[in-house]
Each structure stands twice: as C-alpha cells, then as structure tokens.
Amino acid sequence: MIKSDKLYELYWQSSQKFDYFMTGLSIAVFVYSIQSLDLNRYSSYLFLVPIAWIFLLISVIAGIIRIELSVTLTKGDAVIETMQSAKAKIDIAKIEKQKMDDLNKEITDFKEKQLGYIKYASWAYRVNQIALLAGISLLGFLKILNI
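The rules behind each value
Residues numbered from 1 in each chain as written. Predicted model: local features only at pLDDT ≥ 70, side-chain atom pairs only at ≥ 80, totals over all residues. Heavy atoms only, no water. Patch = residues over 30% accessible without salt bridge, like charges linked within 9 Å, V, L, I, M, F, W, Y side chains within 5 Å. Areas by Shrake-Rupley, 256 points an atom, 1.4 Å probe, with all protein chains shown as cover. Salt bridge = Lys/Arg side-chain N within 4 Å of Asp/Glu carboxyl O. Helix = DSSP H or I, 4+ residues; strand = E, 2+ residues; numbered from the N terminus. Buried < 20%, exposed > 50% of the residue type's maximum accessible area, 1.4 Å probe, protein only. Contact = heavy atoms within 4.5 Å. Core = buried A, V, L, I, M, F, W, Y, C linked by side-chain atoms within 4.5 Å.

Participant: I'd like a rundown of a nonpolar patch on the surface, residues and numbers included.
Facilitator: A surface patch of nonpolar side chains, about 350 Å² in accessible area, is lined by F18, F21, L25 and Y125. The dominant element in the nonpolar patch, judged by the number of residues it contributes, is helix α1 (residues 3-35), at three residues. Structurally, F18 is set in helix α1. Of the residues examined, F18 reaches a relative accessible area of 36% and is grouped as partly exposed.

Participant: I'd like a description of the side chain of D19, backed by residues and values.
Facilitator: You can see D19 is positioned in helix α1. Residue D19 is classed as buried on the basis of its relative accessible area, which comes to 5%. Not counting residues within four places of it along the chain, the set of residues in contact with D19 comprises R66, I67, S70 and Y125.

Participant: Just give me the short version of the nonpolar core, but keep the residues and values in it.
Facilitator: Counting residues in each nonpolar core, the largest one holds 11 residues, listed as M22, V29, F30, L48, V49, A52, L56, L132, L138, L139 and L142. At the level of elements, α1, α2 (48-89) and α3 (97-145) are the ones that each hand at least two residues to this core. Each residue touching L138, except ones within four places of it in the same chain, is listed here: L48, I51, A52 and F55.

Structure follows, in structure tokens:
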C-alpha cells in the first residue's frame, strides 16, 4: 500500500467516525430537549419547540442515511476492485469478446451507481449539519426569548 492509499484510508475512517459522532450528537440533543422540556417555564414562543424537534429528527434521519450510504460505498468499492482484478486475470484469448464487453459494462454500471450514492451521501451530510444547527439554534433562541 502506498502512502496516498494509507492517507485515504485514514481519511475514510475519520470521516466515518465523524458521521457517527454527528448522528449521536443529533440523537442526544433531540432526546435531551424532549426530556428537559418544562412547559411551565416556557410560556411564550412554545411553537418553536416542535419546529426544533422536527429539525433535530431530520438531522438524525439524514445522519443514519449517511452512515448507511458510507457502508454501501465501502462494499461497492470492494466489489469494483474484485471485478477489476478478475478482469485483469482473465485470459483474453480464452474468453469471447461479448463476455468481456459484458464485464466492462457491468463494471461501468456499478461505478455509475457508486457516483449516485456519493451524491446522496453528500446531500445527507449537508442536511444533517444544517438541520442540527437549525434545531440547536431554535432551542437556544427559545431559551433567550424566555429569560
């Protein structure tokens, strides 16, 4: 394994850990805000609480989707690598051109699927971050308004 492969592996592992952390943080803030809600204390602007909960719930769901897509991408990368190494080992003289074209098409289709997953994972990451910040901001704004 060359140095850039090791760096990419470290990046991928830290990215996954960060996804777990942010999803866990979203869950913790969501549960804590539900547990600590005191209706007597917040008499005005109480409508902000359900909106904040919706944002936090969206953040949790987006985080779970992001984690699921990360696992799918890792599995897909392994499948593509296996298919390409199998293609390299095939004796071209012993295989029909049609079978080789089919294998090339299958690899290309799989790579296109992976690109789609990457787009969805990027979208889920953005939604997770924005919804978490919006939910926490609304809860903080509620506290400031009721001081």
